[in-house]
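Examination of the molecular architecture
Listed below, chain by chain, are the residues.
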Amino acid sequence: MSPIISISGLSKTYATGLSALKRVDLEIRHGEIFALLGPNGAGKTTLINIVCGIVTPSSGSVTVGGHDIVKDYRAARELIGLVPQELAITPFESVWQTVSFSRGLFGRPANPAYVEKVLKDVALWDRRKSKIVTLSGGMKRRVMIAKALVHEPQVLFLDEPTAGVDVELRQEMWQVVRTLRASGVTIILTTHYIEEAELMADRVGVINKGEIILVEEKAALMQKLGKKQLTLQLLDTLQEVPARLAPYGLNLAHGGRELVYTYDTKAERTGITGLLDDLSAAGIAFKDLQTTQSSLEDIFVDLVRER
Amino acid sequence: MNLRAIWAIYAFEMARTGRTLVQSIVAPVITTALYFVVFGAAMGTRISQIEGVQYGAFIVPGLIMLTLLTQSVTNAAFGIYFPKFIGTIYELLSAPISAFEIVIGYVGAAATKSVILGLVILATAFFFVPLRIDHPLWMVAFLVLTAVTFSLLGFIIGVWADGFEQLQFVPMLVITPLTFLGGTFYSIDVLPPAWQTVTLFNPVVYLVSGFRWSFFEIADVHIGVSLGMTALFLVACLAAIWWIFKTGYRLKT
Ligand SMILES: Nc1ncnc2c1ncn2[C@@H]1O[C@H](COP(=O)(O)OP(=O)(O)OP(=O)(O)O)[C@@H](O)[C@H]1O
Ligand SMILES: [Mg+2]
């Protein structure tokens, strides 16, 4: 299937002269959850805002569902729902009014039953008559989500959806996202919380200083870069790794009080049994051991630091 | 044409007006009533008639224009400035609507409100002075044309402004003086010839003159000239708006 969003050679230089995106190429697949990770100022919001029509690109092209976002902007934008990073809703309207307004703005006929469904999905049905000013920050964010969903988009952009949202609500939101994906909606989200990408995404893209430095299936990424480490806390301090243990490529840590063995989780044989046998043969005793797996966060930090 | 979007914007803006109906109607009505008391009653005893029309009645078209111009500009300017200020402009920019449709929604709502106000003031005037309207259709046409034109101007100001002071600036420092100097309270015939010529550079003269003609068939300039100048100003505002959206000026980065 052809990609739902296809971005090619996209660049943006702001009036300040700052180059926020540098020839970005990216394809988003139908129905996936794509997480865009990157440090502050990497260009995530700029990328999203260009696709949604809020920022004009300096060069390059974007199509959404096969429609060019400039030439065929109506068809392209009808497919898109956007929850922007910053909270922005008119304060004096009711929840119901502001959500219905969004539906009209996108050219959809009035449909109270659908508005009701969306408000229930984001747990705001009870507050439908409340004015926006009377809502809490988390509720306002959910209103923004309802506004983005109410015109039944095919693609949903969530620009840091969980900033300022409590844990319980975050769970609820992920439930909404999962339900949406199950109904075939493609979701692109940006986040600083790597656990979120790890939890939710099918694919992960890492952007830094306006360049996409990696796009990978999350599972493949975790496997490829996901090494495990076995740390052995020794009873006695070691000066150096004994020669007979050299093949394992061990490292001494903590002034010789720890031995660290790095192995590949994907490999047929991890070599752990052999290592433990050889350790006791060499007379090295340990009091404890633990294994750690590098998280997406470690991978991410490594990637960004390399640049 | 995304008619539903236009309607959504229009209805949203009219709902906003509805919530502040009392302030938006009572204030101009009281102000206008004060003008009648001061200019109509107090000065009217000194200036009895202008070209056969009682002074109190003579100023009615000018007073309506005064409110119409300032209200059109402020309403439309605020209407588009507010989303820019609180950030909800993102939704307008990301919706499947053309610039033209955004303008129809906002300018239509601002102009509707001004026309309603104009009519309310007209009704108020009937309580104070004996009035006649010779050409009601022309009167309504001028009312609507002026409201639309100055709402377009207000829209431009709202897009340009990046602070609340600037929103106030044009209505206070440009529209109000031009209206006062544009023959609202007098016929420009009473001015010395040199000043009459200067006054002809004031666009408001043409509006007031044309509007007054529709009431009493008296005018400072020919009705055709009035209509032509108003239309010219309308086209100038439309051109400015076309340019704003083409370049994304102050709306998109
Ligand atoms: N309107 C603007 N004018 C000038 N520079 C801008 C503008 N908007 C963003 N930038 C700059 O562009 C760069 C990318 O910003 P962007 O908002 O896309 O980053 P981001 O990845 O979304 O960051 P964050 O995680 O903090 O939201 C930053 O250096 C930012 O300062
Ligand atoms: Mg951002």
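In what follows, the structure referred to is the one given above.
Now for a description of the structure that goes with this document. (Residues numbered from 1 in each chain as written. Chains lettered and ligands numbered in written order. Predicted model: local features only at pLDDT ≥ 70, side-chain atom pairs only at ≥ 80, totals over all residues. Heavy atoms only, no water.)

1. A look at helix 3 (residues 95-105) of chain A
Buried residues dominate helix 3 of chain A, accounting for 8 of its 11 residues. Taken together, the buried positions of helix 3 of chain A are occupied by V95(A), T98(A), V99(A), F101(A), S102(A), R103(A), G104(A) and L105(A). Its buried side turned inward, helix 3 of chain A meets helix 4 (112-121) and helix 5 (137-149) of chain A together with helix 1 (3-19) and helix 5 (89-94) of chain B. Immediately beyond the C-terminal end of helix 3 of chain A, within one or two residues, lies G107(A), with a positive phi of roughly 80 degrees. (Buried < 20%, exposed > 50% of the residue type's maximum accessible area, 1.4 Å probe, protein only. Helix = DSSP H or I, 4+ residues; strand = E, 2+ residues; numbered from the N terminus. Contact = heavy atoms within 4.5 Å.)

2. As for the pattern of salt bridges
All names here are of chain A. Applying the stated criterion across every chain yields a total of 11 salt bridges over all chains. With a shortest N-O distance of 2.7 Å, E217 and R29 are connected by a salt bridge. Here E217 is found in strand 10 (residues 211-217), whereas its partner R29 is found in the loop between strand 2 (19-28) and strand 3 (33-37), with 188 residues between them in sequence. Looking at E217, the relative accessible area reads 34%, which means it is partly exposed. Note that D202 and R181 form a salt bridge whose closest N and O atoms lie 2.5 Å from each other. Placement of the pair is D202 in the loop between helix 7 (194-200) and strand 9 (203-208) and R181 in helix 6 (residues 167-182), with a sequence separation of 21 residues. (Salt bridge = Lys/Arg side-chain N within 4 Å of Asp/Glu carboxyl O.)

3. Remarks on the coordination of the magnesium ion (ligand 2)
All names here are of chain A. Bound to the magnesium ion (ligand 2) on the protein side are T45 (OG1) and Q85 (OE1), at distances that span 1.9 to 2.1 Å. One end of the pair, T45, is in helix 1 (residues 44-52); the other, Q85, is in the loop between strand 6 (80-83) and helix 3, and 40 residues separate them in sequence. Classification of Q85 as partly exposed rests on a relative accessible area of 29%. (Donors = N, O, S within 2.8 Å, 3.2 Å for Na, K, Ca; no water.)

4. Here's the deal with the environment of N251(A)
Residues and elements named next belong to chain A. Inspection of the secondary structure assignment puts N251 in strand 12 (residues 251-253). Judged by its relative accessible area of 45%, N251 is partly exposed. Setting aside chain neighbours within four positions, we find N251 in contact with E258, L259 and V260.

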